[in-house]
Amino acid sequence: MAYIVNVEGREFKVDVQMKDGRFVVSLNGKKANVEIAHEQGAELMLIVNDKPFATIVESDSQVLVNGEAYAVEVVDELIEKLIKASPDLAQKKELAVKAVMPGLVIDVNVREGDVVKSGDGLLIIEAMKMQNEIKAARDGLLRKIFIKKGQTVNTGDTLLIIE
Amino acid sequence: MAYIVNVEGREFKVDVQMKDGRFVVSLNGKKANVEIAHEQGAELMLIVNDKPFATIVESDSQVLVNGEAYAVEVVDELIEKLIKASPDLAQKKELAVKAVMPGLVIDVNVREGDVVKSGDGLLIIEAMKMQNEIKAARDGLLRKIFIKKGQTVNTGDTLLIIE
Amino acid sequence: MFNKILVANRGEIAVRVLRACREMGVQSVAVYSDADRNALHTRYADEVYGLGGAPASESYLRIDKIMAVAKESGAEAIHPGYGFLAENSDFARACEDNGIVFIGPNSRAIELLGDKIASKKTMRKAKIPVIPGSEGPVAEEEEGRKIVEDIGFPVLIKAAGGGGGKGMRVVREQQDLGSAMKQAMGEANSAFGNPTIFIEKFLESPRHIEFQILADNHGNAIHLFERECSVQRRHQKLIEESPSAIMTPELRARMGEAAVKAVKVSKYNNAGTVEFMVDKDRNFYFLEMNTRLQVEHPVTELITGIDIVKEQFKIAAGEVLSLTQDNISMTGAAVECRISAEDPENNFAPSTGKITELIEPGGIGVRVDSGIYEGFDVPIYYDPLVAKLLVWAPTRKEALVRMTRALGEYMIRGIKTSIPFHRLVMDHPKFIEGDYDTTFIDKVLKKIEYKKQHHDVAAISSVIARILSEKHVRLPKAREGRKTNPWKLSGRKEMMRRG
Amino acid sequence: MFNKILVANRGEIAVRVLRACREMGVQSVAVYSDADRNALHTRYADEVYGLGGAPASESYLRIDKIMAVAKESGAEAIHPGYGFLAENSDFARACEDNGIVFIGPNSRAIELLGDKIASKKTMRKAKIPVIPGSEGPVAEEEEGRKIVEDIGFPVLIKAAGGGGGKGMRVVREQQDLGSAMKQAMGEANSAFGNPTIFIEKFLESPRHIEFQILADNHGNAIHLFERECSVQRRHQKLIEESPSAIMTPELRARMGEAAVKAVKVSKYNNAGTVEFMVDKDRNFYFLEMNTRLQVEHPVTELITGIDIVKEQFKIAAGEVLSLTQDNISMTGAAVECRISAEDPENNFAPSTGKITELIEPGGIGVRVDSGIYEGFDVPIYYDPLVAKLLVWAPTRKEALVRMTRALGEYMIRGIKTSIPFHRLVMDHPKFIEGDYDTTFIDKVLKKIEYKKQHHDVAAISSVIARILSEKHVRLPKAREGRKTNPWKLSGRKEMMRRG
């Protein structure tokens with residue numbers, strides 16, 4: 001099966017075939033010599049062309065290679081083609097802004113119904129004696145705010161939704 | 001509920017009561033100030049009379065306290081009384097000798113039907129360039145031998161049974 | 001020596017002091033907040049007492065609670081670590097009043113050195129160079145002009161009533177002085193209700209160099225050479241080293257002498273650090289004195305072999321310093337990287353949570369002082385420093401490559417840390433040359449961007465992971481001695497050789 | 001310097017050498033057996049090549065396979081570590097023949113020093129003291145008697161044809177000599193088909209003291225002082241330290257001189273170790289020369305600050321030794337404990353399996369050289385040594401308490417290790433006094449029994465664990481800032497205060 005992988009803006013076509021009980025990998029059309037030395041949980045120790053790499057697939061969207069984090073997006077080649085044919089499908093309708101760390105909400109600068117631009121400061125969360133401003137990742141309408149000033153939030157809590 | 005705990009030959013009576021959402025522990029009749037600072041998997045971090053102890057309950061029969069291994073045996077006080085009343089019940093009928101490490105069976109010194117005495121050498125297993133003799137832990141009749149010379153065994157494999 | 005010491009701190013520094021207790025055969029008492037029930041220092045002590053509350057204001061900053069634990073546990077002395085109550089003269093006095101030895105300086109010295117005006121006066125009187133400028137608050141423009149005439153441009157104007165950059169201005173030319181003072185006074189007045197200002201010489205691109213000192217209760221004081229701490233971000237040190245790349249034996253002797261004099265004129269005792277600013281011409285100026293054990297004290301331990309915490313214990317117990325200036329020496333080079341729970345790519349935003357994997361570096365010349373372990377939940381309430389990585393090597397050059405090697409081995413998963421930032425600095429030509437000052441991060445390093453080179457491996461790994469999970473493909477258990485390996489994938493070797 | 005080095009070993013020593021590669025900016029190549037696909041050294045190298053087979057005889061001992069990898073990878077030099085092929089002159093010669101630099105001595109020196117008779121002759125000729133005795137195999141009783149007349153009782157009789165204790169006898173009195181020789185010859189004949197014997201002076205309770213040496217390819221040789229390795233079990237070293245407690249500057253000078261002479265007369269190059277036996281009167285005798293990097297080389301690195309592996313690289317690359325006997329010195333005291341996967345309570349039986357938890361010690365003066373990580377499966381095929389724990393301190397006394405502290409921090413779960421054994425030794429009065437020799441374990445320590453004192457806590461813990469699991473009681477999640485803690489159990493504090 002062929003996949004299109006976007007790794008921090010660079011696109012790779014990865015084709016992995018099962019053949020005689022082996023994986024045969026090709027990367028952008030060229031064959032790669034890949035060995036799985038170890039697999040345990042999220043850890044995948046690969047030997048790629050005789051070089052060892054400790055990779056950890058932390059989630060669908062993040063892979064660590066030798067401790068370095070890479071943002072990844074994997075799609076089937078087929079789906080990619082469909083998306084390219086009808087780009088509307090690919091656009092996400094809403095963006096849920098989530099807390100990336102636990103902390104105390106110090107200030108909320110916006111109200112439901114506000115129109116925000118990418119980069120606008122939305123709210124301030126404090127942790128470890130430092131204040132951290134959460135900014136809008138894209139333009140949109142602020143549909144819903146779930147938190148208020150003085151509240152404690154945990155990692156993963158949805159803070160607000162931009163439409 | 002009260003338990004009798006045998007820890008490497010020393011006997012403790014441990015009584016743990018739930019009271020108003022707390023544990024109340026008494027040890028050999030004296031109250032102990034016990035706090036559970038943390039619980040994760042087998043790890044139980046206790047603060048006993050203001051002293052911290054990292055304990056790990058590795059199995060029903062082994063507890064680590066600050067890294068030191070203790071062989072333990074826990075029985076309900078009630079069961080203990082029953083056992084004392086009819087000691088036959090407590091006697092184990094057969095002893096399965098298991099491999100405590102993986103290795104190669106170098107030699108088997110006994111045959112099925114042999115009568116062995118506690119301390120008799122039964123077989124030799126090699127690992128890490130060292131040979132290790134497995135001895136009989138008690139007297140008995142060798143009912144069954146599951147392995148043979150030249151075979152590789154894994155930890156936990158039953159090697160033979162003494163009746 | 002004491003029988004029992006209470007450590008009134010948390011994290012790596014609490015563990016550091018508890019280790020010294022073990023090595024000195026002293027019973028140790030730890031205190032912990034509700035957020036630290038399972039912290040490393042709580043596990044390490046002989047006795048532990050809860051302080052309640054998670055925020056420091058309800059726990060580690062509560063003098064009353066800590067004194068109560070000291071009495072209950074029978075501790076004879078308290079080590080405050082750094083931060084929290086370490087430079088609080090009320091705490092030192094509370095110890096003194098309760099007959100408990102405070103392992104640090106006497107409360108009067110803490111008070112004097114905590115007062116910027118009074119300490120500067122003391123140093124000036126003792127002929128220790130201080131940054132030229134006003135001796136006290138300036139209320140009148142005319143007074144300000146006179147001072148500037150004396151010290152020359154550029155100058156720094158600061159509000160006397162408070163900090164935080166409010167009312168702060170750098171003035172480089174005569175024509176801007178009047179308006180700058182006026183504006184600063186106005187800002188200071190509205191921010192702090194106090195229009196007075198300080199004026200001092202502005203040092204362009206200074207280096208931050210400090211001297212570790214030890215002083216016993218019998219009037220003996222020595223210095224343990226310098227540490228360079230110029231890699232700073234918002235006045236927070238990130239990397240420290242010794243020796244400083246710009247140091248000469250002659251300058252070291254003069255600065256060391258000034259440091260020891262600063263100790264003596266302030267009637268200081270126990271361990272402390274005299275901080276200096278050094279300008280491009282290697283003029284040095286007293287900046288302040290840190291009246292406690294520093295985060296970066298292990299740098300000095302590595303080049304001198306002296307255990308500073310043990311020396312603190314001995315001094316506090318009334319022993320006479322066994323070290324003299326002549327019988328100590330420095331060997332090789334040491335570097336420290338502060339490992340903090342912050343995301344350097346995201347403006348050093350705090351990053352808390354559970355440590356899901358931890359592999360610490362090891363081998364020759366590596367020292368790790370850590371306050372975390374695998375499975376520990378880094379709390380949101382305290383300082384982001386979670387560990388310190390140090391290296392020693394015969395030369396600075398070797399120390400830097402060793403640090404790079406050690407940083408490469410350090411794996412902390414579950415939170416973001418400053419490790420990638422440190423790798424970037426160790427790789428920077430200016431840092432390698434030793435040609436850096438306190439403006440290094442803002443002016444030289446600028447944007448923190450990491451060179452990544454394994455995008456291809458990330459792509460392959462994510463696809464293989466997806467196949468393994470989606471298709472429910474299971475890897476066959478590797479059998480020993482098998483000749484052919486089903487996962488050895490065919491292909492050309494020339495490709496992708498970039499690692 | 002080389003561009004690429006192949007490390008023909010596994011475990012902690014492979015990691016040690018790979019670390020040196022990183023610090024020298026040299027590309028590294030690792031090889032791994034089928035049992036080591038996931039070993040630490042396999043993860044650490046820049047390039048890795050499988051050797052197949054799990055047993056060493058099918059992998060790490062296969063000269064042909066390793067030479068093939070060297071050629072395929074383009075490695076210019078091979079570091080053999082210790083064990084496996086490190087002292088195999090055929091391997092050194094294979095490298096020489098293939099134009100690959102062997103990072104170790106020349107093959108002729110390995111051959112000479114591997115031959116006990118030839119090397120003893122060489123040393124004797126150079127007036128280096130050797131244990132008095134027969135110069136070659138003894139076939140006749142009469143010849144034996146003459147030798148014993150020369151050297152005096154007690155004597156040791158060994159079979160010339162092989163080892164393993166067969167035919168070995170200690171004779172203390174004249175009247176026993178004849179029958180002992182007869183029996184020994186008989187045993188030797190039936191065991192090895194060779195009735196000849198060696199006779200040498202038997203040293204009562206000798207100490208094992210060795211000197212680290214470095215020799216370049218240009219005739220320069222120095223020693224890096226001694227290591228005492230008398231804590232041995234079945235001739236396996238378990239603990240090493242430097243300096244030796246019995247060393248004097250005068251004795252050190254004489255032994256060091258002998259060690260350097262041994263190097264020169266054997267035309268030795270690269271790093272090596274000259275082993276001596278030292279008797280109660282501080283007479284020393286050449287025992288043998290180890291023609292490789294030793295397990296315990298970090299002890300010397302800690303007291304001298306010299307990176308021995310880097311020196312090996314430089315020597316092998318043809319550089320002239322930059323160190324001279326006069327510009328090196330020793331500072332403080334260092335101790336090493338070998339952490340092996342063995343159960344000391346069970347006669348040091350091997351203990352393999354998965355490392356389920358690993359916490360390594362850290363902080364001041366601690367060095368860990370490890371070949372394992374959490375989750376690694378320790379294979380059954382190789383040496384049980386999994387890591388080395390070292391400490392440095394200004395004095396031996398401080399080093400020993402530091403080692404006790406570090407051993408207390410070291411947590412390896414999943415396998416049994418020698419850690420409890422080391423704690424016992426560090427606590428032993430005779431060891432603390434430095435009053436020990438090679439008979440320490442058998443005659444002084446005897447039975448290995450650990451003082452345990454937390455039976456009560458084990459009892460409480462096992463009951464609480466049972467209740468939590470059986471009753472499906474779940475601990476409530478601790479809420480921050482909660483005042484009362486439902487798990488704080490009431491009770492008297494006086495009880496059970498023994499920890």
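Reading the values: rules and limits
- Residues numbered from 1 in each chain as written.
- Chains lettered and ligands numbered in written order.
- Predicted model: local features only at pLDDT ≥ 70, side-chain atom pairs only at ≥ 80, totals over all residues.
- Heavy atoms only, no water.
- Buried < 20%, exposed > 50% of the residue type's maximum accessible area, 1.4 Å probe, protein only.
- Helix = DSSP H or I, 4+ residues; strand = E, 2+ residues; numbered from the N terminus.
- Contact = heavy atoms within 4.5 Å.
- Polar contact = N/O pair within 3.5 Å; in protein donor to acceptor, adjacent residues only side chain to side chain.
- Phe/Tyr/Trp six-rings, centres within 6.5 Å; stacked < 30°, edge-to-face > 60°.
- Lys NZ or Arg CZ within 6 Å of the ring centre and 35° of its normal.
- Core = buried A, V, L, I, M, F, W, Y, C linked by side-chain atoms within 4.5 Å.
- Domains from an automatic or database assignment.
- Buried area = accessible area lost by both parts, 1.4 Å probe.
- Salt bridge = Lys/Arg side-chain N within 4 Å of Asp/Glu carboxyl O.
- Nonpolar A, V, L, I, M, F, W, Y, C, P; charged D, E, K, R; others polar.

Visitor: Describe in detail helix H4 (residues 89–97) of chain D, supporting the description with residues and values.
Guide: Residue and element names in this part refer to chain D. Listing the buried residues of H4 in full gives Ser89, Phe91, Ala92, Ala94 and Cys95. In this structure, the buried side of H4 is in contact with helix H3 (63–73), strand E4 (77–79), strand E5 (101–102) and helix H5 (107–114). Measuring from the backbone nitrogen of Asp90 back to the side-chain oxygen at the start of H4 gives 2.8 Å, which picks out Asn88 as the cap. Just downstream of H4, Gly99 is the residue with a positive phi angle, here 70°.

Visitor: Describe the side chain of Ser107 of chain D, naming the residues involved and giving the relevant values.
Guide: Among the secondary structure elements, Ser107 of chain D is positioned in helix H5. Setting aside anything within four residues of it in sequence, one finds Ser107 of chain D in contact with Ser89, Ala92, Arg93 and Glu96 of chain D.

Visitor: Describe the packing of aromatic side chains, and please don't skip the residues or the numbers.
Guide: In total, this model carries 24 aromatic pairs over all chains according to the counting rule given. Measuring from centroid to centroid gives 6.3 Å for Phe431 of chain C and Phe440 of chain C, while their planes differ by 45°, and the two rings are tilted. The same class applies to Phe431 of chain C and to Phe440 of chain C, which are both buried. Between Arg207 of chain C and the ring centre of Tyr436 of chain C, over which it is positioned, the NZ or CZ distance is 4.9 Å. Directly above the aromatic system of Tyr70 of chain B lies the positively charged group of Lys452 of chain D, at a separation of 5.1 Å from the ring centroid.

Visitor: Mind laying out the nonpolar core, listing which residues take part and the relevant values?
Guide: If you look at the biggest cluster of nonpolar residues, it comprises 114 residues, and the most contacted ones within it are Leu6, Ile78, Ile239, Ile339 and Phe421 of chain C. Counting residues domain by domain, this core receives three or more from each of domain 1 (4–103) and domain 3 (207–449) of chain C. Look past the residues within four positions of Phe421 of chain C in its chain and what remains in contact with it is Val231, Leu238, Ile239, Pro344, Phe348, Ile441, Leu445, Ile448 and Tyr450 of chain C. Counting residues in each nonpolar core, the second largest holds 109 residues, with Val17, Ala341, Ile415 and Tyr450 of chain D among its members.

Visitor: Which residues make up the interface of chain D and chain C, and what values go with them?
Guide: Facing the 40 residues of chain D at the interface are 40 residues of chain C. Both faces combined, the contact of chain D with chain C buries some 3300 Å², and carbon together with sulfur accounts for 43% of it. Inspection of the region where chain D meets chain C yields 10 salt bridges. Close ionic contact of Glu409 of chain C with Arg19 of chain D constitutes a salt bridge, the shortest N to O distance being 2.7 Å. The tally of links between chain D and chain C comes to 13 residue pairs in polar contact (both at pLDDT 80 or more). Elements supplying a minimum of two residues to the side of chain D that touches chain C: helix H1 (11–24), strand E3 (47–52), strand E19 (366–370) and helix H12 (396–409) of chain D. At 5 residues, the largest contribution of residues to the side of chain D that touches chain C is made by H12 of chain D. When the residues that make up the side of chain D that touches chain C are grouped by side-chain class, the tally is 11 nonpolar, 6 polar and 23 charged.

Visitor: Tell me about the domain arrangement of chain C, residues and numbers included.
Guide: Here the domain parsing of chain C yields domain 1 (4–103), domain 2 (132–201), domain 3 (207–449) and domain 4 (455–498). For domain 1 of chain C and domain 2 of chain C, the distance between their C-alpha centres works out to 41 Å.

Visitor: Now, about the pattern of salt bridges: what can you tell me, with residues and values included?
Guide: Under the criterion given, the structure shown has 90 salt bridges over all chains. The salt bridge involving Lys310 of chain C is made with Glu23 of chain C; its shortest N-O contact spans 3.0 Å. One end of the pair, Lys310 of chain C, is in helix H11 (residues 308–316); the other, Glu23 of chain C, is in helix H1 (residues 11–24), with 287 residues separating them in the sequence. Per residue, the accessibility class of Lys310 of chain C equals that of Glu23 of chain C, and both read buried. In this structure, the salt-bridge partner of Glu141 of chain D is Arg145 of chain D, at a minimum N-O distance of 3.4 Å. Within this pair, Glu141 of chain D and its partner Arg145 of chain D are both found in helix H7 (residues 141–151), separated by 4 residues, close to a single helical turn. Judged by relative accessible area, Glu141 of chain D falls into the partly exposed class, the value being 24%. Overlapping salt bridges bring together Arg16, Arg19, Glu23, Glu301, Asp307, Lys310, Arg367 and Asp369 of chain C together with Glu398, Arg402, Arg405 and Glu409 of chain D as one network.

Visitor: Could you give an account of the interface of chain D and chain B, with specific residues and numbers?
Guide: Opposite the 53 residues of chain D that make contact, chain B presents 55 residues. Between chain D and chain B lies a buried interface of about 5400 Å² when both sides are counted; carbon and sulfur atoms form 64% of it. There are 2 salt bridges connecting chain D and chain B. Across the salt bridge formed by Glu8 of chain B and Lys452 of chain D, the nearest N and O atoms sit 3.0 Å from each other. The interface formed by chain D and chain B includes 8 residue pairs in polar contact (both at pLDDT 80 or more). Among the secondary structure elements, those contributing two or more residues to the side of chain D that touches chain B are strand E16 (349–350), strand E22 (411–413) and helix H16 (455–470) of chain D. Each residue belonging to the side of chain D that touches chain B can be placed in one class, and the counts come to 26 nonpolar, 11 polar and 16 charged.

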